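Summary of the model geometry
Listed below are the residues making up each chain.
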Amino acid sequence: MLLELHIRNFALIERADLTFQEGLTVLSGETGAGKSILIDSISAALGGKTGGASIRTGAEYAYIELLFSVEEEELLHRIRALGVQPEADGTLILTRKIMPARSVFRVNDETVTAALLKKLTALLIDIHGQHEVQTLFDPGRHLELVDLMAADELATQKAAYSTRFQRYAELKSLLRREADQEFRERERELLAYEVQEIERAELTPGEEEAIRAEFIKIRNSARIQEALASCTELLSTDAVSEALRKLSAVEQYAPELRVLSEQLSELDGLLGDALYAVREQMEGAEFDEERLQQLSERLDLIHGLQDKYGDDVSGILAGLEKKRERLDFLLGFEEKQAELKKEEQMLAEELKTLAESIRALRVQSAGQLEKQVSGELRSLNFSGADFSVQFSRQELGANGCDGAEFYISTNPGEPLKPLRTVASGGELSRIMLALKTVLADRDEIPTQIFDEIDAGISGRTAQKVSEKLFRIGGTRQVLCITHLPQIAAMADHHYLIEKESDADSTRTAVREISGAEITAELGRLIGGSEITAGVLKTAEEMKLLAERGKQSLRQV
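A brief report on the enclosed structure follows. (Residues numbered from 1 in each chain as written. Predicted model: local features only at pLDDT ≥ 70, side-chain atom pairs only at ≥ 80, totals over all residues. Heavy atoms only, no water.)

Turning our eyes to something else, we now look at the overall build of the chain. Per the secondary structure count, the chain includes 20 helices and 15 strands. In terms of overall size, the chain is more extended than a compact globule, its C-alpha atoms giving a radius of gyration of 39 Å where 556 residues would be expected to give roughly 24 Å. Along the first, second and third principal axes, the C-alpha atoms of the chain reach 125 × 80 × 40 Å. Counting across all 556 residues of the chain, residues that qualify as buried make up 43%. Nonlocal contacts in the chain, meaning residues at least 24 apart in sequence, comprise 71% of its contacts between residues at least 6 apart. In the chain, 67 side chains carry a positive charge and 97 a negative one; their mean positions are 8 Å apart. (Helix = DSSP H or I, 4+ residues; strand = E, 2+ residues; numbered from the N terminus. Rg over C-alpha atoms; globule rule 2.2 N^0.38 Å. Buried < 20%, exposed > 50% of the residue type's maximum accessible area, 1.4 Å probe, protein only. Contact = heavy atoms within 4.5 Å. Lys, Arg positive; Asp, Glu negative; His and termini not counted. Charge placed at Lys NZ, Arg CZ, Asp CG, Glu CD.)

This part takes up the nonpolar core. Leu-369, Leu-377, Phe-406, Leu-435 and Leu-469 are the most contacted members of the largest nonpolar core, which has 52 residues in total. Looking at this core, the element that brings in the most residues is helix H16 (residues 425-439), giving eight residues. Aside from chain neighbours lying at most four places away, what touches Leu-435 is Leu-136, Leu-145, Leu-369, Val-373, Phe-387 and Phe-406. Within the second largest apolar cluster, 45 residues are counted, among which are Ile-13, Phe-20, Ala-62 and Val-107. (Core = buried A, V, L, I, M, F, W, Y, C linked by side-chain atoms within 4.5 Å.)

Now for the packing of aromatic side chains. By convention here, two paired aromatic rings are described through the distance between centres and the angle between planes. Under the criterion given, the structure shown has five aromatic pairs. Relative to Phe-333, the ring of Phe-329 has its centre 5.5 Å away and its plane inclined at 55°; by these criteria the two rings are tilted. Here a set of aromatic residues connected by ring pairs shows up, and it is made of Tyr-161, Phe-165 and Tyr-168. Positioned above the aromatic ring of Tyr-61, the side-chain terminus of Lys-97 is 4.4 Å from the ring centre. Arg-430 extends its terminal NZ or CZ atom over the ring of Phe-382, reaching a point 4.2 Å from the ring centre. (Phe/Tyr/Trp six-rings, centres within 6.5 Å; stacked < 30°, edge-to-face > 60°. Lys NZ or Arg CZ within 6 Å of the ring centre and 35° of its normal.)

Our focus in this paragraph is the sheet that holds strand E10 (residues 400-409). Strand order in this open sheet of three strands is E9-E10-E11, and the pairing throughout is antiparallel. Because the sheet does not close on itself, it has two edges, and the strands there are strand E9 (386-397) and strand E11 (417-418). Here E10 runs beside E11; their pairing, made up of two bridges, is antiparallel. When the bridges of E11 are listed, Tyr-407 appears paired with Pro-418. In this fold helix H5 (residues 139-149) packs onto E9 and E10, with an angle of close to 100° to the strand it touches most, E10. (Pairing = 2+ DSSP bridges. Axes fitted to C-alpha atoms, helices over the stretch in contact; angles between N-to-C directions.)

Next up on the list: the sheet that holds strand E1 (residues 2-10). One open sheet holds the six strands; their spatial order is E2-E1-E4-E5-E6-E7, and the pairing between them is antiparallel. If you trace the sheet from one side to the other, it starts and ends with strand E2 (13-19) and strand E7 (110-112), each paired once. Here the strands of the sheet are splayed against their neighbours by 15° on average, with no regard to which way each runs. Where E1 lies against E2, six bridges are found, and the strand directions are antiparallel. Residue pairing across strands places Arg-8 opposite Arg-15, the latter belonging to E2. Against the sheet, helix H1 (residues 35-45) makes contact with E1, E2, strand E4 (62-69), strand E5 (91-98) and strand E6 (103-107), and its axis sits at roughly 100° relative to E1, the strand it touches most.

All right, on to the packing of helix H8 (residues 207-219) against helix H12 (residues 289-309) then. For the pair H8 and H12, interaxial distance at closest approach is 10 Å and the crossing angle is 145°. Once H8 is placed against H12, the crossing between them reads as left-handed. Side by side, H8 and H12 meet where Glu-207, Glu-208, Ile-211, Arg-212, Glu-214, Phe-215, Ile-218 and Arg-219 of the first sit next to Arg-291, Leu-292, Leu-295, Ser-296, Arg-298, Leu-299, Ile-302, His-303 and Gln-306 of the second. Across the contact of H8 with H12, the residue classes tally to seven nonpolar, three polar and seven charged. (Left-handed = near helix turned anticlockwise from the far one by under 90°. Nonpolar A, V, L, I, M, F, W, Y, C, P; charged D, E, K, R; others polar.)

The subject of this paragraph is a negative patch on the surface. Among the surface-exposed residues, Glu-280, Glu-283, Glu-286, Asp-288, Glu-289 and Glu-290 lie close enough to one another that they form a single negatively charged patch. Elements represented by at least two residues in the negative patch include exactly helix H11 (257-284) and H12. (Patch = residues over 30% accessible without salt bridge, like charges linked within 9 Å, V, L, I, M, F, W, Y side chains within 5 Å. Areas by Shrake-Rupley, 256 points an atom, 1.4 Å probe, with all protein chains shown as cover. Salt bridge = Lys/Arg side-chain N within 4 Å of Asp/Glu carboxyl O.)

Attention now moves to the environment of Tyr-495. For Tyr-495, the location among the structural elements is in strand E14 (residues 493-501). In this structure Tyr-495 comes out as buried when scored by relative accessible area, which is 4%. In this structure the C-alpha to C-alpha distance between Tyr-495 and Lys-371, which are 124 residues apart in sequence, comes to 36 Å. Not counting residues within four places of it along the chain, the set of residues in contact with Tyr-495 comprises Leu-18, Thr-19, Phe-20, Thr-25, Val-26, Leu-27, Ser-28, Val-510, Arg-511 and Glu-512.

This part covers the environment of Glu-256. Tracing the chain through its elements places Glu-256 in the loop between helix H10 (239-250) and H11. Along the primary structure Glu-256 and Leu-479 are separated by 223 residues, whereas in three dimensions their C-alpha atoms are 93 Å apart.

This paragraph deals with the environment of Leu-271. One can find Leu-271 in helix H11. In sequence terms Leu-271 and Thr-237 are 34 residues apart; their C-alpha atoms lie 9.9 Å from each other. If we skip the residues at most four places from it in the chain, Leu-271 touches Leu-235 and Val-240.

A few words on the pairing of E1. Where E1 and E4 come together, six bridges link them in antiparallel fashion. Looking at the pairing, Leu-5 lines up with Leu-66 of E4. Taking the residues between adjacent antiparallel strands as the criterion, E1 and E2 are bridged by two residues, where Ala-11 takes a positive phi near 55°.

To continue, consider the layout of surface pockets. Gaps left between atoms show up when a probe the size of a water molecule is rolled over them. Volume-wise, the second largest pocket comes out at about 400 Å³. Along the wall of the second largest pocket there are 16 residues; nearest its centre are Met-1, Glu-72, Pro-446, Thr-475 and Arg-476. Per-element accounting of the lining of the second largest pocket gives the leading share, three residues, to helix H2 (residues 73-81). Within the lining of the second largest pocket, the residues separate by chemical class into three nonpolar, six polar and seven charged. (1 Å grid on protein atoms, 1.4 Å probe; cavity = no way out; pocket = protein on both sides within 12 Å on 5 of 7 lines; lining within 4 Å. Points joined across faces, edges and corners; volume = space filled by probe spheres on them.)

Inspection of the entire model under this criterion finds 37 salt bridges. The closest approach of N and O atoms between Asp-147 and Lys-158, which form a salt bridge, is 2.9 Å. Of this pair, Asp-147 sits in helix H5 while Lys-158 is found in helix H6 (residues 151-177), placing the two residues 11 residues apart along the sequence. Given a relative accessible area of 7%, Asp-147 falls into the buried group. Between Glu-178 and Arg-326 there is a salt bridge; the shortest N-O distance is 2.7 Å. Taken as a pair, Glu-178 in the loop between H6 and helix H7 (181-201) and Arg-326 in helix H13 (residues 313-331) lie far apart in primary sequence, 148 residues in all. The buried category is assigned to Glu-178, whose relative accessible area is 1%.

Now the structure itself:
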């Protein structure tokens, strides 16, 4: 559930802090006050497209924060599967900072990509504006809604089908890709050559670094010899030994000199060891032209292989393993091909059987959906409306072998026609609402937002729409932007969106209202600019009737 929304410097909103609760929350206000901006801000925080133009004039950046609380274990499991870790209490904080050149998305203070954010928010919130309603024109979405109607019954069958189809798709792709025998033979010859070339080189991890170090040493052997010779000359003096003899001869007269004598003795030993080590190094630092040539040739070989097969020796060796695996596969492909084709055919038969079982469940589910949606449509003033799901057979795909499309007749006596060809914008909003009402208990998304759901309706139809929204709010959190008093009166919580202006700027402000303020807002929605005592009385009666209606709906 969405608990809090915090907005800073987004479009006309300088600052807004909203706290949401369960049930139906309505947002209303004058035309142009910025109602859509509120939804746009939520959409932006969820990864929607927006840019620097949405930053309030004079501000450096815009900032939006959404605070969600997730309690359902299944939903928490699906969120964690995306690599997102909610807090121990199920809290998720989604933020977006919009700057002129870029945006930064965070979940619980960890930076995420817009792609991941969209996957996450698809589990948390569903926004229904005119664009979303237009998805009803897409038959591809219709099968998803049919399946949602029978999600529990279909779960086992679809899981079994999905596992088999994944393997089936892999086999089809593999067999299609390897169908060209001439291409396979050319690839096999090339791989055999490459594997042989790399194996012949007998590369070892870390070899290049060791060779390069030895190469540099030999190439600079003359300079090293010169430096070692100088060291030998400097260390060969007897100065320290002579100093030790002089001091030893007199330390019997001054016992305190014994410590200094011991130090000189230790230094004399260290100098002797150093001289011995320098002479050993001189023996190993001789210039070896033959060895230098060997190292140079080995480096050239390694660099040539790097240019062809990888950036370093480890990468070449890792690539060698993949080439061996691919070569082994190609060498045995002719023998495996018949076996793979047999497996493909067997899976195809299993998938067809499962697809028929899934189709039978879908047809049964579609019948229930048709009956319930038709009833909901008639209650939304589609008198004599008839709703139908018509199936078509397709090739085996990820969802079976079914296509589905919604058909509708909005008036008695009219034939059923594809929904995408007959419904207007206002009708689509009501059809979407009817579907949402029927699927409210099955849709797992906890928060629903409706924008412009009341477009093109009034009177009795508006009353019916308000009742549907309230019913959905019984099982889901519902946020609805509206300009109709019938819908506003049914709200459990009501926010007023106002535009404020002064000589310097214009701002959109949002605040929760109650009591007399709700009556005044209902009066404005009923009577427009002139709110008389009679309009206010009507508003009071409308709110009272709405509360009685809500009580009745809760008992159903």
